[in-house]
Amino acid sequence: MNNFIFQSPTELIFGKGQTDKVGTKISEYGGTNVLFVYGGGSIKESGLYDQIIDSLEDEELNIFELPGVEPNPRIALVRKGIDICEENDIDFILAAGGGSTIDTAKTIAAGFYYEGDPWEMFTGDEDPEEALPVGVVLTLAATGSEMNGNAVISNMETEKKLAIQSPALTPDFSILDPVNTFTVPREHTVFGIVDIASHIYEQYFKHIENTEISDRFAESLLITLREASERVLENPEDYNSRANIMLAATLALNGGVCAHSDIKRTYLCALGKDTSFIVHPIEHEFSAFYDIPHGGGLAILHPNWMEYVMDAGIEKFVQYATRVFDVDPTGKSDEDVAREGIVRTREWFNKMGAPTKLSDYNIDDTRFEEIAERLTADGPIGSFKELDKYDLIEIFKMS
Ligand code: NZQ
Ligand code: ZN
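Scoring rules and cut-offs
Residues numbered from 1 in each chain as written. Chains lettered and ligands numbered in written order. Predicted model: local features only at pLDDT ≥ 70, side-chain atom pairs only at ≥ 80, totals over all residues. Heavy atoms only, no water. Domains from an automatic or database assignment. Contact = heavy atoms within 4.5 Å. Buried area = accessible area lost by both parts, 1.4 Å probe. Salt bridge = Lys/Arg side-chain N within 4 Å of Asp/Glu carboxyl O. Polar contact = N/O pair within 3.5 Å; in protein donor to acceptor, adjacent residues only side chain to side chain. Nonpolar A, V, L, I, M, F, W, Y, C, P; charged D, E, K, R; others polar. Donors = N, O, S within 2.8 Å, 3.2 Å for Na, K, Ca; no water. Helix = DSSP H or I, 4+ residues; strand = E, 2+ residues; numbered from the N terminus. Buried < 20%, exposed > 50% of the residue type's maximum accessible area, 1.4 Å probe, protein only. Pairing = 2+ DSSP bridges. Core = buried A, V, L, I, M, F, W, Y, C linked by side-chain atoms within 4.5 Å. Near = heavy atom within 4 Å. Areas by Shrake-Rupley, 256 points an atom, 1.4 Å probe, with all protein chains shown as cover. Phe/Tyr/Trp six-rings, centres within 6.5 Å; stacked < 30°, edge-to-face > 60°.

Draft legend 1. Expanded view of the domain arrangement of the protein chain. With domains assigned, the protein chain is organised as domain 1 (11–181) and domain 2 (278–374 + 386–399). Between the C-alpha centres of domain 1 and domain 2 there is a distance of 31 Å. Across the contact, nine residues belong to domain 1 and nine residues belong to domain 2. Summed over both sides, the interface of domain 1 with domain 2 buries roughly 750 Å², with 43% coming from carbon and sulfur. On the domain 1 side of the interface with domain 2, the three residues burying the most area are Asn 72, Glu 159 and Lys 161, jointly 68% of the side's total. Summed over the shared surface of domain 1 and domain 2, the number is two salt bridges. Along the contact surface separating domain 1 from domain 2 lie five residue pairs in polar contact (both at pLDDT 80 or more). Grouping the amino acids of the side of domain 1 that touches domain 2 by side-chain chemistry returns three nonpolar, two polar and four charged.

Draft legend 2. Region of the structure containing the coordination of the zinc ion (ligand 2). Here the zinc ion (ligand 2) is held by the protein donor atoms Asp 195 (OD), His 199 (NE2), His 280 (NE2) and His 294 (NE2), which lie 1.9 to 2.2 Å from it. Motif for the zinc ion (ligand 2), donor spacing along one chain: D-x3-H-x80-H-x13-H. Within this pair, whereas Asp 195 is found in helix H7 (residues 186–204), its partner His 294 is found in helix H11 (residues 294–309), the two being separated by 99 residues in sequence. No difference in accessibility class separates Asp 195 from His 294, as the two residues are buried.

Draft legend 3. Local environment of the pairing of strand E8 (residues 173–176). Both faces of E8 are covered, namely the face carrying Phe 173 and Ile 175 and the face carrying Ser 174 and Leu 176. One ladder, built from four bridges, connects strand E1 (residues 11–14) with E8; its direction is parallel. What sits directly across from Leu 12, in E8, is Ser 174. Bridging between strand E5 (residues 134–138) and E8 involves three bridges; their strand directions are parallel. Opposite Val 136, over in E8, you have Ser 174 as the bridge partner.

Draft legend 4. A look at the nonpolar core. With 95 residues, the main nonpolar core has Ile 93, Phe 286, Trp 305, Phe 317 and Phe 396 as its most contacted residues. Here this core takes eight residues from H7, the largest share from any one element. Counting residues domain by domain, this core receives three or more from each of domain 1 (11–181) and domain 2 (278–374 + 386–399). Discounting residues that sit within four places of it in the chain, Trp 305 has contacts with Phe 205, Ile 278, Val 279, Phe 317, Phe 384, Leu 387 and Ile 395. Counting residues in each nonpolar core, the second largest holds 19 residues, with Val 34, Ile 53, Leu 56 and Phe 92 among its members.

Draft legend 5. Representation of the site of ligand 1. Inspection of the region around ligand 1 gives 32 residues, with Gly 40, Gly 99, Ser 100, Lys 161 and His 199 positioned closest. One of the backbone nitrogen or oxygen atoms of Val 184 is found 3.5 Å away from a nitrogen atom of ligand 1. The side chain of His 280 places a nitrogen or oxygen atom 2.9 Å from an oxygen atom of ligand 1. Protein burial of ligand 1: of its 960 Å² of free accessible surface, 89% is covered by the chains. Among the elements of the structure, helix H5 (99–111), strand E6 (150–155), H7 and helix H10 (279–290) are those that each provide at least two residues to the shell around ligand 1. A per-class count over the shell around ligand 1 returns nine nonpolar, 20 polar and three charged. Residues from two domains meet in the shell around ligand 1; each of domain 1 (11–181) and domain 2 (278–374 + 386–399) gives at least three.

Draft legend 6. Representation of the side chain of His 199. Mapped onto the fold, His 199 is located in helix H7. Classification of His 199 by relative accessible area gives buried; the value is 2%. Sequence-distant contacts of His 199, that is, excluding residues within four places in its chain, are made with Ala 142, Thr 143, Ala 252, Leu 253, Phe 277, His 280 and His 294.

Draft legend 7. Representation of the packing of aromatic side chains within the structure. Tallied over the entire structure, the rule returns 26 aromatic pairs. Look at Phe 205 and Phe 384: their rings are 6.2 Å apart centre to centre, the planes differ by 80°, and that puts the pair in the edge-to-face class. Highlighted residues: Phe 205 in the loop between H7 and helix H8 (212–234) and Phe 384 in the loop between helix H14 (368–375) and helix H15 (389–398), separated in sequence by 179 residues. Pair check on accessibility: Phe 205 and Phe 384 agree, each one buried. Taking 5.8 Å as the distance between ring centres and 75° as the angle between the ring planes, the aromatic pair formed by Phe 317 and Phe 384 counts as edge-to-face. Of this pair, Phe 317 sits in helix H12 (residues 314–324) while Phe 384 sits in the loop between H14 and H15, placing them 67 residues apart in sequence.

Draft legend 8. Summary view of the pattern of salt bridges. For the coordinates displayed, the defined rule picks out 20 salt bridges. Among the salt bridges present, the one from Asp 274 reaches Lys 206, with a minimum N-O distance of 3.0 Å. Of this pair, Asp 274 sits in the loop between helix H9 (239–252) and H10 while Lys 206 sits in the loop between H7 and H8, and the two are 68 residues apart along the sequence. Residue classification places Asp 274 among the partly exposed positions, given a relative accessible area of 22%. The residue Asp 215 makes a salt bridge to Lys 316 at a minimum N-O spacing of 3.2 Å. Of the two residues, Asp 215 sits in helix H8 while Lys 316 sits in helix H12, which places them 101 residues apart along the sequence. On the basis of relative accessible area, Asp 215 is assigned to the buried category, the value being 7%. The network of salt bridges with shared partners includes Glu 11, Lys 25 and Glu 28.

And the structure:
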């Protein structure tokens, strides 16, 4: 097990009926002039928008709005948000939505203190050190952004989707009312579930030994997620399934790493392990080029990555198959058991209706080489199995 520092300072306010506390929470954290960031309108349709405005007005907070966050959120809207903050003495940012909205709010919060264009925070060598306080009302269980120090933003001009990571980006509080996820459409519910599973896989498949706590924690999250996913797709308003999925999302990518510092900060699921991700940066390239949903890209890429790297650590894949999917190893070779675990992963994703091939998004091989080159510009990537440009192209072809 490796040494690590884990810190997760977000106040988590979980459960039915908690949304009404948003106004008092902002006051507690010193907010007066509030930038309220949200997406394309789902919160207006669900009534959540009115509920939040009422709560903010009860506290006599000054509200400035920034609607229009798109999935694969854009740097252009971040710039607009920073302008509003500067013009109106904003001292608190509230995000109501999924990962795209939260990441936009976090980037505005850090960009407010950054001298220069906020996109330089993503391309530079330094982690943001200061940010305005951020509060969250989560409406979609997926990214874990509600309790981590990451933000992922797209720049459509340069076709890049990049992340910043810093403790300064961790929200001050997050309100998680599972009822607020009842209205998430089926496809985004599925993308969210795949994203959660993918975050866990990124941290589970490592070669570091003696990480039983992290491994079993990850396995329990995966089993719970798998069981809840079946129930929620039958009944989108099943409170306990929504609650388990929401909590799984928050715990799956919780805490934070620093992008550039040497301090070995980590995530809850990666305690004692290394924190590098592999399928995520690959998927971000596809999202950057083709504007596809993050969870959809992961559903396609992650099982193919598993198949391609399996031989680099077959025991871990056997452990995954037997513990998460109850694969019976009797009379089977390790390779067969490991393969069965990957087949069961694919079946799980397919049964939920997730996309299975890049061609489902009309993506052909035209830009495979360019994407692989961008990913390996500084050399091979991946800690479970090092992948060079040609390995990546192989995985893309399988996908
Ligand atoms: O914009 P609105 O109208 O709100 O609609 C959204 C959006 O169309 C809709 N939605 C959200 N909550 C809803 C709802 N519709 C009905 N009822 C509700 N309660 O869902 C759609 C997708 O929303 P989005 O925020 O884009 O989804 P998600 O939470 O999956 O976030 C994805 C983004 O986060 C990044 C991804 O790359 C992607 O850009 N990630 C962020 C991470 C982080 N900060 O830690 C880590 C992840 O690995 C990921 O990279
Ligand atoms: Zn993700």
